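# Report on the structure
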Amino acid sequence: MPIFTPPSPALQKAWWKETIVYQIYPRSFKDSNDDGIGDLNGITEKLDYLHGLGIETLWLNPIFASPNADNGYDISDYRQIMPDFGTMEDFDRLLKETHARGMRLLLDLVLNHTSDQHPWFREARTSRENPYYDYYLWWPEEQGHPPYRKSHFDEKGDAWCYNAPTRSYYLHYFARQQPDLNWQSPKVRAEIYDILRFWLDKGVDGFRLDSIPYIAKDTSFPEIDLRKYPDVFPYYSLGPHLHDYLHEMNREVFSRYDCTTVGEGSKTAPEEGWKFIAPERQELDMLYHFGAADIRNETEADDPATGIPYSLLALKRMYAEWDAAVGDGWPTIYLGNHDQPRMVSRFGSDAPEWRDLSAKMLTMFLLTMRGTPYWLAGDELGMTNIRFTRIEEYDDIDTRNHYRKLLREGGDTEQFLREQQEIGRDNARTPYQWDGTLYAGFSTAKPWLRVNPNHTEVNAARELCDPDSVLNFFRRVVTLRKEHPDLVYGSFRLVDADNPQVFAYLREGTGRNYLTVLNFSPKAARFDPKTDLTEAMPLLHNYPAPPIAEKEGPIELRPYEGILYRLA
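Residues numbered from 1 in each chain as written. Predicted model: local features only at pLDDT ≥ 70, side-chain atom pairs only at ≥ 80, totals over all residues. Heavy atoms only, no water.

Under an unreviewed UniProt entry, the name given to the chain is Alpha-glucosidase, and the source organism is Alistipes putredinis. Recorded under Sequence similarities (unreviewed entry), the UniProt text for the chain is reproduced unchanged: "Belongs to the glycosyl hydrolase 13 family." (UniProt positions renumbered as here; feature names shortened; annotations may be inferred.)

As structure tokens, this is what we get:
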């Protein structure tokens, strides 16, 4: 393992380091043809709105042909558009109009697996002699039951599914409708590279690569040491030849285009993460991890008196470890996406008295940290968890299949539903709240997923007219980040690291230094800057006026208060 050193102050500049990546879940953004499903033309219709917010890069969740077992993450044709979303002509128009506004477009590609309805797999499952059989990963029945492999979504938790015509089991790390590809096959890799070129030749600006650490497998399928990997999934991210494949993909495709890449770092630890993004390795540009979600879901409060239900100290340590681990690579920062609940509900508070303040505080956090921010559509409004109460209200395959598994095993389904109200993925997938009308301006038809009832209060139309809204605060922070390049390229260093309520850090650049101070707590807090801030200039704060800084001693912070100082 290399010795990690702080990033060089002369880091090479790039557009994908300076941008904010705005994630759109197409099914939930805007319906243009009144069928209750968001679509490409709906996104095109709202490009001026996004441009007005200062957004420069869009990331679309999968838009390819799919039977939708996992809302597009089961692709049946990589070169066709899902009919629910429109046509290739609609996509071409969206891409053209995006570029016309000086914006960029990233697509979400799933390269670990396909749909079981993909022509490759439909051929593969007919016979062991079929040339497409080797496109996937199999265990022949004559060798007995395959070694234990755990699935993310399978109702039984089993990542093997028996296929009678071939008398073998196929591997699926996700749902059984999502068979895993065999990356050891040069033919499979060549097919994938052709798919990438198809979209890059159209002019897309890069890709988010789903579950990319999972693509490499030891096809002898040895028994997994469950003492070392009790959760199994971290084992999946350490397959042989993973980095050979990524380097080859970069050499054959990405290095030949002006594009960017970000990998979803499923179960990747900091000590492994640097390998994906170290510039000299020529693999990916960025990798995002699940550290924040893991800490929010798995840690206990540092002190119950803070009102923070998880360990803020662990969160600070985790970000500092990742920042050091990437070395001269480039980090990412996010709190919400389509796989996570709404960030204000998990890391702030969606109680009426705190929603706006905590949403603004979290906005400051994401947009003043080091790394490219990934921002889920709707978080700029302060959209919150919907908290469904019945399983019938959920669409997500993960929630529904885990519920069925609990039913079959006699588990506590009521407790599970209570947990899903806080962590379920459908919390982030409810329709965008454009206005206060019946279906929130998303559609005139009943939406595919229920609109959050609070859309009458939390919506874009209302917030655009309110200068103190979460939306207009977001727009101000986006502008400020563009005006202060040291907030992009400056180094990161924790301040008052042992404070269980306050997340504070220095951004030290070549021209200016900045201090961000954030109270993550619904209680008053004290922060010791250990420096004189009387000459520092508050550039941003989420209360009507910033706290008074004394020459010495701590600063008193109100609940969820955030301040950005430019240091003298």
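## Section: the layout of surface pockets
As a volume, the largest pocket reaches approximately 1,100 Å³. In terms of lining, the largest pocket is formed by 37 residues, of which the most central are His 152, Phe 153, Lys 267, Asp 339 and Asp 398. Among the residues making up the lining of the largest pocket, the classes are represented as nine nonpolar, 13 polar and 15 charged. Each of domain 1 (19–114 + 185–480) and domain 2 (119–171) gives at least three residues to the lining of the largest pocket. In this structure, the second largest pocket spans a volume of roughly 420 Å³. Lining the second largest pocket are 22 residues, with Gln 12, Trp 16, Pro 279, Leu 284 and Asp 285 positioned closest to its centre. Counted by class, the lining of the second largest pocket contains 11 nonpolar, six polar and five charged residues. (1 Å grid on protein atoms, 1.4 Å probe; cavity = no way out; pocket = protein on both sides within 12 Å on 5 of 7 lines; lining within 4 Å. Points joined across faces, edges and corners; volume = space filled by probe spheres on them. Nonpolar A, V, L, I, M, F, W, Y, C, P; charged D, E, K, R; others polar. Domains from an automatic or database assignment.)

## With respect to the nonpolar core
Among the nonpolar cores identified, the biggest contains 126 residues, and Phe 91, Leu 315, Phe 365 and Phe 520 are the most heavily contacted of them. Residue contacts for Leu 315: discarding those within four places in its chain leaves Ala 292, Ile 295, Tyr 310, Phe 347, Phe 503 and Phe 520. Counting residues in each nonpolar core, the second largest holds 19 residues, with Trp 160, Ala 175, Val 232 and Tyr 235 among its members. (Core = buried A, V, L, I, M, F, W, Y, C linked by side-chain atoms within 4.5 Å. Buried < 20%, exposed > 50% of the residue type's maximum accessible area, 1.4 Å probe, protein only. Contact = heavy atoms within 4.5 Å.)

## Thoughts on empty space enclosed by the protein
In this structure the tally under the stated criterion is seven cavities of 30 Å³ or more. Of the pockets and cavities examined, the largest cavity occupies roughly 120 Å³. Around the largest cavity, the lining comprises 13 residues; the ones closest to its centre are Trp 322, Asp 323, Pro 331, Thr 332 and Arg 370. Looking at the lining of the largest cavity, the elements with two or more residues in it are α12 (312–325) and β12 (332–333). Ranked by residue count, the leading element in the lining of the largest cavity is α12, at three residues. Considered class by class, the residues forming the lining of the largest cavity number nine nonpolar, two polar and two charged. Around the second largest cavity, the lining residues are Gln 23, Ile 24, Tyr 25, Ser 28, Phe 29, Arg 342, Leu 376, Ala 377, Ala 428, Thr 430, Pro 431 and Tyr 432. (Helix = DSSP H or I, 4+ residues; strand = E, 2+ residues; numbered from the N terminus.)

## Some words on the packing of aromatic side chains
According to the stated counting rule, one finds 50 aromatic pairs in the structure shown. With 5.0 Å between their ring centres and 70° between their planes, Tyr 49 and Trp 434 make a pair best called edge-to-face. Highlighted residues: Tyr 49 in helix α4 (residues 47–52) and Trp 434 in the loop between α16 (413–423) and α17 (460–464), separated in sequence by 385 residues. Tyr 49 gets classed as buried once you look at its relative accessible area, which sits at 14%. (Phe/Tyr/Trp six-rings, centres within 6.5 Å; stacked < 30°, edge-to-face > 60°.)

## Topic: the UniProt feature "domain: Glycosyl hydrolase family 13 catalytic" (unreviewed entry) in the chain
The positions that UniProt labels "domain: Glycosyl hydrolase family 13 catalytic" (unreviewed entry) are, in the present scheme, residues 23–429. Note that residues 23–429 is 34% helix and 13% strand, and that its end C-alpha atoms are spaced 11 Å apart.

## Structural notes on the side chain of Arg 481
For Arg 481, the location among the structural elements is in helix α18 (residues 470–483). Comment: no salt bridge for buried Arg 481; closest opposite-charge side chain is Glu 56, at 6.8 Å. Separated by 3.5 Å, the side chain of Arg 481 and the backbone oxygen of Lys 17 make a polar contact. A polar side-chain atom of Arg 481 sits 2.6 Å from the main-chain carbonyl oxygen of Glu 18. (Lys, Arg positive; Asp, Glu negative; His and termini not counted. Salt bridge = Lys/Arg side-chain N within 4 Å of Asp/Glu carboxyl O. Polar contact = N/O pair within 3.5 Å; in protein donor to acceptor, adjacent residues only side chain to side chain.)

## Side note on unusual backbone geometry
The phi dihedral of Asn 68 falls on the positive side, at around 70°, and the residue is not glycine. Turning to its location among the elements, Asn 68 is positioned in the loop between β3 (64–65) and β4 (77–81). Here the phi dihedral of Val 232 falls at roughly 70°; this positive angle occurs in a residue that is not glycine. Counting through the fold element by element, Val 232 comes out in the loop between β9 (206–210) and α8 (233–236).

## Overview of the sheet that holds strand β7 (residues 160–163)
Spatially, β6-β8-β7 is the arrangement adopted by the three strands of the open sheet, whose pairing is antiparallel. Looking at the sheet topology across the chains shown, the edges are occupied by β6 (138–140) and β7. On average, each strand axis in the sheet is tilted by 30° relative to the strand beside it, whichever way the strands run. (Pairing = 2+ DSSP bridges. Axes fitted to C-alpha atoms, helices over the stretch in contact; angles between N-to-C directions.)

## A closer look at the domain arrangement of the chain
We note that the domain assignment places domain 1 (19–114 + 185–480), domain 2 (119–171) and domain 3 (489–567) within the chain. Computed from C-alpha coordinates alone, the two centres of domain 2 and domain 3 are separated by 55 Å.

## Remarks on helix α9 (residues 242–252)
Residues of α9 that are buried: Leu 242, His 243, Tyr 245, Leu 246, Glu 248, Met 249 and Asn 250. As for α9, its buried residues are in contact with α7 (186–202), β9 and α10 (270–277).

## Looking at the environment of Ser 358
Structurally, Ser 358 can be placed in helix α14 (residues 355–368). Since its relative accessible area comes to 0%, Ser 358 is described here as buried. When the C-alpha positions of Ser 358 and Glu 561 are compared, they lie 7.7 Å apart, and in sequence the two are 203 residues distant. If we ignore the near neighbours within four places in the chain, the residues touching Ser 358 are Val 344, Gly 348, Ser 349 and Tyr 560.

## Concerning the sheet that holds strand β18 (residues 537–541)
Reading across from one edge, β14-β15-β16-β20-β18 is the order of the five strands in this open sheet, with antiparallel pairing throughout. Both outer strands of the open sheet, β14 (491–495) and β18, are each paired with one neighbouring strand and no more. If you compare each strand with its neighbour and ignore which way they point, the axes differ by 20° on average. As paired strands, strand β15 (residues 502–508) and strand β16 (residues 513–519) are joined by seven bridges and run antiparallel to one another. Counted as the bridge partner of Leu 506 is Leu 515 from β16.

## So, the environment of Leu 50
Mapped onto the elements, Leu 50 comes out in helix α4. Of the residues examined, Leu 50 reaches a relative accessible area of 0% and is grouped as buried. Through-space distance from the C-alpha of Leu 50 to that of Asp 90 is 18 Å; in sequence the pair is 40 residues apart.

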